[in-house]
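# A structural walkthrough
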Amino acid sequence: MTAAAGLVDRRDVSRIPAPLAGLVEFLRMMSRKPVGLIGLIGVLFFLFLAYVAPLIVPLQDQVDVTAIYAKPSFAHPLGTDFQGRDVVNQIVYGGGDIITTAILAALFSTLIAITFGSIAATVGGRIDALILAITDVALTIPQLILLIVIAAIFRPASFFALAVILALLQWPALLRQIRAQVLSLKERDFVEAARSLDLGLLHIIFREMLPNMRSYIVIHFIIAMTLAIYAQAAIMFLGLVPLSGKNWAIMLYFAYNQGALFFKDSFFYLMGPIMAIALFQLSLVWLASGLEDVFNPRLRS
Amino acid sequence: MATITPAQGELQIRTMQRSPLSRVRGNLGGMWGRPITQAILKALLTIYVTSTITFVLIRLMPGSPVEIKIDELMNQSQMSYADAAAMASGLFDINLNAPIHEQYFEYLGNLAHGDLGNSFLSRGTTVMSIILSVLPWTLFAVGTGLLLSFFLGIALGLVAAYRRNSFLDHAVSTGGSIISSVPGYLIALLIVLIFGIQLRWIPITQMRGAFTSGITPGFTPEFIGDILFHASLPITVFFLTHIGLWILSMRSATLAALEEDHVTVARARGLTDGRITTAYVGRNAVLPLVSQFAIAAGAVVGGAVIIEQIFVYQGVGLRLVASVNQRDYPLMQGIILMTTVCVIIANLIADLLYSRLDPRIGRAGGATGK
């Protein structure tokens, strides 16, 4: 594989244990393009903030009527909300739900797209036409409008349910790209060889083709996460998800509906969740773009 | 063996998507008559499937509007349940108790006549008239923002590709990737928060609605100015959320087009740079962006819902959220359907434009290259 061959050029890393050498080389290649490295650091920071920081920082969610919309201070670096609760504390506790839902939604939609995309491309004929027709219809309906109505109907009360709904809406674009990839792989010699050895459809899809689409799938998984965050934050902001508690998008919902948007003092209260969502999205996009450069030998140099 | 190279970035990946209809045409060759018929048949099928999906979805909704109204009447006027129910069923002249298949066939029959039913809550108004009163404002704001971003983005992307790795290229590409990864509704919130509240540069409360009440609608400079004033914030957001997409797509499409043989040949033939840029590079680079435009149209109509909510702009999105909160079934159905129809029309237009622009398809005389 050229990817593996590319990993050991230039510098002698043979003395470092193999898995570590791969990691070192990966980081070295990521650091060649600052955008990708910034993205990686950003994503790692938010994952730490969402999953590790809540274990360290104690939860402060008691209502304090004496400190409503307090300005930023040493005790409350980003001020307080409409019930006098600390904003920074909510940012720390409010990322886990959103990121978990995004990961689940990306996982489900990628699975749907890979399964049906490769079936469509390898089987072809009527099955292909049917899958494509369904995909085209699903692509045409404005997704966010459909999502708003679906969320209002089903009121998804768990992250799992929300992730399933998000995944059911965002698979079509990915499916078409997986199908296109498989179509081009189908003509390659090694697939041809596997077919002439009569290795079976499942073997060809999962053992021959998927490993060759690994980088492609990883990048799409990240992009699917950004789509899921965009959509779930949107419906949470509209108040259509009966999830309570601390969550960046639900903070925005309360800030907007309690009128905090129109208070001069609550600038930092609103900036907290806005920046958290925006920077996490940007980190994901930049990580994807950095990974692309690493995976794509044509773009290196 | 080579690892499969992923396409270049999320935005470029989107470039690869063709509109559904252009694929139909592609399968059938470049002729004009039959592909159009196929495209229209496909559009009708999509409308039928969409209407069925919305029908099924909306009948599953917990808490019918009648029950909600009954509750409301009981709480507000201390009525007994029977009295409230009688009053509520008078208010809603729709028979929710009919078997579901009868409701479905009635719905489809009405749909064939362009009748989307009556709004539950605004009695006596048809869903179609409500949608027609709000949809133009959304299409106006979305269309203006998208077109502005499209043309400026194409120009910037072309320049960035020509000056590859210059400061301008880095500034434009990085700026484009930052602005396009921030969700549009956050940009809208930031505009309200920073320019509306903190700095007080923008009179956000005066800019609500689609136009100032009391002003007489018509083709007067005063009214047009007023419309633009009210639509300016949504237009700004639609512009900002899409400019990055066009810059990055056009940049990579131009870079690819620059490497084509016929561009080298054109240079060797001694054609002027201007001619090469417009007829050889630009024309080919813009092609994938045209079909991307139709896809963006669908996404932006969806995104408009929250932007209109934040700016209180009287478009179809504001109305959708109101109808969801009031459980106005026919209105929700109508909005999903009509926005889908708009996306289908955008697809058809993009398709026609595509075959006009692409030297390889369309009329034989249209070819300039080869």
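From a predicted model like this one, the values you see are computed outputs, not experimental measurements. (Residues numbered from 1 in each chain as written. Chains lettered and ligands numbered in written order. Predicted model: local features only at pLDDT ≥ 70, side-chain atom pairs only at ≥ 80, totals over all residues. Heavy atoms only, no water.)

### Quick word on the overall build of chain B
The secondary structure content of chain B amounts to 14 helices and zero strands. A total of 370 residues make up chain B; the buried ones form 50% of that total. Taking contacts inside chain B between residues at least 6 apart in sequence as the whole, the part at least 24 apart equals 73%. Here chain B has roughly 17,100 Å² of accessible surface; of this, 64% comes from carbon and sulfur atoms. (Helix = DSSP H or I, 4+ residues; strand = E, 2+ residues; numbered from the N terminus. Buried < 20%, exposed > 50% of the residue type's maximum accessible area, 1.4 Å probe, protein only. Contact = heavy atoms within 4.5 Å. Areas by Shrake-Rupley, 256 points an atom, 1.4 Å probe, with all protein chains shown as cover.)

### Some remarks on the overall build of chain A
In terms of regular secondary structure, chain A is built from 14 helices and zero strands. Each helix (α) and strand (β) of chain A, taken in turn from the N terminus, gives the series α-α-α-α-α-α-α-α-α-α-α-α-α-α. Split into buried and exposed, the 301 residues of chain A put 54% on the buried side. Within chain A, contacts between residues at least 6 apart in sequence are counted, and of these 71% link residues at least 24 apart. Taken as a whole, chain A presents about 13,300 Å² of accessible surface, with 69% of it coming from carbon and sulfur.

### Quick look at the nonpolar core
One finds Trp248 of chain A together with Leu186, Leu189, Ile306, Ile310 and Phe311 of chain B to be the most contacted residues of the largest nonpolar core, which totals 163 residues. Ranked by residues supplied to this core, first place goes to helix H12 (residues 273-311) of chain B with 20 residues. Counting only domains with at least three residues in this core, you end up with domain 1 (35-112) and domain 2 (127-360) of chain B. Discounting chain neighbours no more than four positions away, the residues touching Trp248 of chain A are Phe46, Leu49, Ile91, Gly94, Gly95, Ile98, Ile99, Pro273, Ala276, Ile277 and Phe280 of chain A. Core analysis: the next-biggest nonpolar cluster, separate from the first, contains 20 residues, Ile114, Phe190, Met209 and Met213 of chain A among them. (Core = buried A, V, L, I, M, F, W, Y, C linked by side-chain atoms within 4.5 Å. Domains from an automatic or database assignment.)

### Some details on the packing of aromatic side chains
For the coordinates displayed, the defined rule picks out 13 aromatic pairs over all chains. Plain terms: the ring middles of Phe237 of chain A and Tyr256 of chain A are 5.1 Å apart, the flat faces sit at 50 degrees to each other, and that makes the pair tilted. Here Phe237 of chain A is found in helix H12 (residues 214-237), whereas its partner Tyr256 of chain A is found in helix H13 (residues 248-257), with 19 residues between them in sequence. With a relative accessible area of 15%, Tyr256 of chain A lands in the buried category. Between the aromatic rings of Phe150 of chain B and Trp246 of chain B, the centroid separation amounts to 4.9 Å while the plane-to-plane angle is 85 degrees, which identifies the pairing as edge-to-face. Taken as a pair, Phe150 of chain B in helix H7 (residues 127-162) and Trp246 of chain B in helix H10 (residues 221-258) lie far apart in primary sequence, 96 residues in all. The exposure class assigned to Phe150 of chain B is buried, which follows from its relative accessible area of 8%. Look at Trp246 of chain B and you get buried, because its relative accessible area is 0%. By way of ring pairs, the aromatic residues Phe45, Phe46, Trp248 and Phe280 of chain A are connected into one cluster. (Phe/Tyr/Trp six-rings, centres within 6.5 Å; stacked < 30°, edge-to-face > 60°.)

### Describing the pattern of salt bridges
This structure, assessed with the given rule, holds four salt bridges over all chains. Its salt-bridge partner being Asp128 of chain A, residue Arg179 of chain A comes within 2.8 Å of it at the nearest N-O pair. Taken together, the residues span a long stretch of sequence, with Arg179 of chain A in helix H9 (residues 159-186) and Asp128 of chain A in helix H7 (residues 125-140) at a distance of 51 residues. With respect to class, Arg179 of chain A is no different from Asp128 of chain A; both count as buried. Between Arg251 of chain B and Asp169 of chain B there is a salt bridge, and its shortest N-O distance comes to 2.7 Å. Of the two residues, Arg251 of chain B is situated in helix H10 and Asp169 of chain B in helix H8 (residues 167-181); the sequence distance between them amounts to 82 residues. As far as the burial class goes, Arg251 of chain B and Asp169 of chain B line up, both buried. The network of salt bridges with common partners includes Asp136 and Arg176 of chain A together with Lys42 of chain B. (Salt bridge = Lys/Arg side-chain N within 4 Å of Asp/Glu carboxyl O.)

### Some words on the packing of H9 of chain A against H12 of chain A
All names here are of chain A. Across the interface, H9 lies against H12 with an axial gap of 10 Å and an inter-helix angle of 145 degrees. The handedness of the crossing between H9 and H12 is right-handed. The segment H9 lies against H12, with Leu162, Leu166, Gln170, Leu174, Gln177, Ile178 and Gln181 engaging Tyr216, Ile217, His220, Ala224, Leu227, Ala228, Ala231, Gln232, Ile235 and Met236. In terms of residue class, the contact of H9 with H12 is made up of twelve nonpolar, five polar and no charged. (Axes fitted to C-alpha atoms, helices over the stretch in contact; angles between N-to-C directions. Left-handed = near helix turned anticlockwise from the far one by under 90°. Nonpolar A, V, L, I, M, F, W, Y, C, P; charged D, E, K, R; others polar.)

### What to know about the confidence of the model for chain A
All names here are of chain A. Residues with a pLDDT of 70 or more make up 89% of chain A, whose mean pLDDT is 81. Helix H6 (residues 96-123) holds the highest mean pLDDT among the elements of chain A, 91, whereas helix H1 (residues 2-7) holds the lowest, 45. Predicted confidence for residues 1-11 stays below pLDDT 50, and this span has 14 contacts to residues more than four positions away or in other chains. (pLDDT = per-residue confidence, 0-100.)

### Details of the domain arrangement of chain B
The domain architecture assigned to chain B consists of domain 1 (35-112) and domain 2 (127-360). Between the C-alpha centres of domain 1 of chain B and domain 2 of chain B the distance comes to 33 Å.

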